[in-house]
Amino acid sequence: MYTAKRIPLRIVARFAWQAVVFFFLYATAIYFLYTLAGWHFMGLPFVPIATIGTAVAFYVGFKNNASYERLWEGRRIWGGLVNASRSWGMLVADFIAVAPNAGTCSPLELYQIQQQLIYRHIAYVNALRLQLRSRWVWSNDRNIGAEIVGEQSAFEQNQLDKELSMFLDDDEVEYFIKRQNPAAQIIKQQSAQLRALRAADMLTDYYHCELERLLMEFYNQQGAAERIKSFPFPRQYAFFSQAFVWIFVILLPFGLLTELGKLGSEYIWLTIPFSVAISWVFYTMEVVGDTSENPFENSINDVPMTAICRTIEIDLREMLGEKNLPQRMQAVDNILM
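If you're wondering where the values come from, they're calculated on a predicted model, not measured in any experiment.

Overview of the environment of V82
Here's step 1: Here V82 shows up in helix 2 (residues 46–97).
Here's step 2: Judged by relative accessible area, V82 falls into the buried class, the value being 11%.
Here's step 3: With 43 residues separating them in the primary sequence, V82 and V125 have C-alpha atoms 9.4 Å apart.
Here's step 4: When near neighbours in sequence (up to four residues on either side) are disregarded, V82 contacts I308 and I312.

Printed below as a string of structure tokens:
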């Protein structure tokens, strides 16, 4: 997620310079063919080209609105995970401490049970983060900004191993990394431990149901995130949006030759800067929508899942009374991952 008010030119140039150079060379070639080679038949009426531009603007606007909805839904999902995670930490800390058989356990044993449930949940959100950042076949290649921070967007088993090892014992880590959906299996293990605690009378029926309800909420939020991840933005909208933009960009200089020629032959050269500027605007609108389709790709404008996971970790470990807490994630080059 980009956090600064303005995007510096160096970041804009990363994805724009090649297109701008193409627009400039293309418009320049058409201008010289029209003026020096005498190919005046290249001048086209501007009205039909402007009509195409209007239609393209509406179409790209629709795509951008739909892409933004996917991005904002992804942020709402992780906001829901934050709230449910805090509830999980609070209820685990309170319910275990007042269990019917809590008096039979030492304070250290009660703390270890609480810590295991909370640490396993921290492992869960980090596993979900890594799974959502895996690269799919249809994923967008315009992964702008990931290289700035240097974090890989691909899901790697050794990265998952490293993350889980911080919060789980070796046996659990070995088990989870072999599963196709480690995050889902971690929640299942949470439920199994709650069932064991209820059997040992370490949880009342009511407390057990409340904690299980939270586990179901985690599954709901995970499923919503996986729905965005696994179902691409409809290809017909994405493809034709790009195709229509390029059709308009290709035709634009021909219409500007005629329109600017009405002002006099000395103004025809303005076809080059006007064509580059208008083409870049339409191209940028299309790219903005394109890069907002998949909010979990570790791109510059995506949901800052790493920072959210760190916030969850800090809040839950603080509920355990721990003092040696990690620092909150800070933006690097104004990018919060």
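Still to come is the rest of the account.
Some details on the pattern of salt bridges
Here's step 1: For the coordinates displayed, the defined rule picks out 16 salt bridges.
Here's step 2: With a shortest N-O distance of 2.9 Å, E172 and R120 are connected by a salt bridge. With E172 in helix 6 (residues 170–177) and R120 in helix 3 (residues 107–132), this residue pair connects regions lying 52 residues apart in the sequence. For the residue pair E172 and R120, the accessibility class agrees, reading buried in each case.
Here's step 3: E163 is the partner of R129 in a salt bridge, and the nearest nitrogen-oxygen pair spans 3.2 Å. Within this pair, whereas R129 is found in helix 3, its partner E163 is found in helix 5 (residues 157–165), the two being separated by 34 residues in sequence.
Here's step 4: Where salt bridges share partners, they join K63, E286, D290 and E293 into one cluster.

Some remarks on a nonpolar patch on the surface
Here's step 1: A contiguous nonpolar patch, built from I52, F239, F240, F244 and I247 and spanning about 440 Å² of accessible area, is present on the exposed surface.
Here's step 2: Counting residues per element, the nonpolar patch draws most heavily on helix 9 (residues 235–261), at 4 residues.
Here's step 3: With respect to the helices and strands, F239 occurs in helix 9.

As for unusual backbone geometry
Peptide bonds are mostly trans, and most non-glycine residues show a negative phi.
Here's step 1: Unlike most non-glycine residues, D201 shows phi in positive territory, near 60°.
Here's step 2: If you trace the backbone, D201 turns up in the loop between helix 7 (182–199) and helix 8 (205–230).
Here's step 3: Note on D201: relative accessible area 30%, which makes it partly exposed.

Description of the side chain of S67
Here's step 1: Relative to the assigned elements, S67 resides in helix 2.
Here's step 2: Exposure remark for S67: the relative accessible area of 0% places this residue in the buried category.
Here's step 3: With near-sequence residues (within four places) excluded, S67 lies in contact with F233, G289, S292 and E293.

Let's talk about the nonpolar core
Here's step 1: Membership of the largest hydrophobic core comes to 53 residues, with the highest contact counts inside it found for W78, W88, L164 and F218.
Here's step 2: Every element with two or more residues in this core is listed here: helix 2, helix 3, helix 5, helix 6, helix 7, helix 8 and helix 11 (305–319).
Here's step 3: Among the elements that take part in this core, helix 3 stands out by supplying 13 residues, more than any other.
Here's step 4: Apart from the residues lying within four places of it in its own chain, the contact partners of W88 are L117, I118, H121, Q190, L194, L211, L214, L215, F218 and L316.

So, the packing of aromatic side chains
Here's step 1: All told, the structure shown has 19 aromatic pairs when counted by the stated rule.
Here's step 2: Ring centres of F23 and W246 lie 5.7 Å apart, and the angle between their planes is 45°; this geometry places the pair in the tilted category. Taken as a pair, F23 in helix 1 (residues 9–35) and W246 in helix 9 lie far apart in primary sequence, 223 residues in all.
Here's step 3: With centroids separated by 6.0 Å and ring planes inclined at 75°, the aromatic side chains of F23 and Y283 adopt a geometry described as edge-to-face. Within this pair, whereas F23 is found in helix 1, its partner Y283 is found in helix 10 (residues 271–291), the two being separated by 260 residues in sequence.
Here's step 4: Residue Y283 is classed as buried on the basis of its relative accessible area, which comes to 11%.

Calculation criteria
- Residues numbered from 1 in each chain as written.
- Predicted model: local features only at pLDDT ≥ 70, side-chain atom pairs only at ≥ 80, totals over all residues.
- Heavy atoms only, no water.
- Helix = DSSP H or I, 4+ residues; strand = E, 2+ residues; numbered from the N terminus.
- Buried < 20%, exposed > 50% of the residue type's maximum accessible area, 1.4 Å probe, protein only.
- Contact = heavy atoms within 4.5 Å.
- Salt bridge = Lys/Arg side-chain N within 4 Å of Asp/Glu carboxyl O.
- Patch = residues over 30% accessible without salt bridge, like charges linked within 9 Å, V, L, I, M, F, W, Y side chains within 5 Å.
- Areas by Shrake-Rupley, 256 points an atom, 1.4 Å probe, with all protein chains shown as cover.
- Core = buried A, V, L, I, M, F, W, Y, C linked by side-chain atoms within 4.5 Å.
- Phe/Tyr/Trp six-rings, centres within 6.5 Å; stacked < 30°, edge-to-face > 60°.

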